[in-house]
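Below are the chains, spelled out letter by letter.
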Amino acid sequence: MTCRELTTFIADYLSGDVPPDTRREFERHLEVCPTCVTYLRGYEDTIKLGRRAFAEDDAPVPDTVPEALVEAVLNARARSH
Ligand SMILES: [Zn+2]
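Only a predicted model underlies this, so the values are computations on that prediction, with no experimental measurement involved.

Rules used throughout
- Numbers given for residues are sequential positions, taken from 1 along each chain in its written order.
- Predicted model: local features are reported for residues with pLDDT of at least 70 only, side-chain atom pairs are reported and counted for 80 or more only, and whole-chain, interface and lining totals are derived from all residues.
- Helix and strand definitions here come from DSSP, where helices need a minimum of 4 consecutive H or I residues and strands a minimum of 2 consecutive E residues; each element is numbered from the N-terminal end.
- Helix span, expected: 1.5 Å multiplied by one less than the number of residues in the helix.
- With C-beta atoms placed from the backbone, a residue counts as buried when 20 or more other C-beta atoms lie within 10 Å of its own, as exposed when 12 or fewer do, and as partly exposed for counts between those limits.
- By definition, the arc is the one covered by directions from the helix axis to the C-beta atoms.

For the rest of this paragraph, the subject is helix H3 (residues 34-53). Given a rise of 1.5 Å per residue, 20 residues ought to cover 28 Å, and the 28 Å separating the end C-alpha atoms of H3 matches this to within 8%. Listed in full, the buried residues belonging to H3 are Cys36, Tyr39, Leu40 and Tyr43. For H3, the arc enclosing every buried residue in end-on projection is 100°, short of the 170-degree limit, so these residues lie on one face. More than 90 degrees from the buried face of H3, the exposed residues found are Pro34, Arg41, Lys48 and Arg52.

See below:
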């Protein structure tokens, strides 16, 4: 599995929605590729940030959140190159 392939599987991997062989290849790649580990962490952080922002329906979404999300994604992408 290449770094590019890994990034296309990342959402499915985190939702547990990948076949066992793909998951194994994914994890094997993570063992040898710190860049993708960093990318995966950034991706997870982004999801957590998003969940936290929308956890309370009545709470207004702070203006800073979308920008932080975009930045997290961009940073993660920049690190993966
Ligand atoms: Zn990689």
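Having seen the structure, we can now continue with the description.
Here Arg41 shows up in helix H3. Along the sequence, Arg41 and Ala76 sit 35 residues apart, while their C-alpha atoms lie 8.4 Å from each other.

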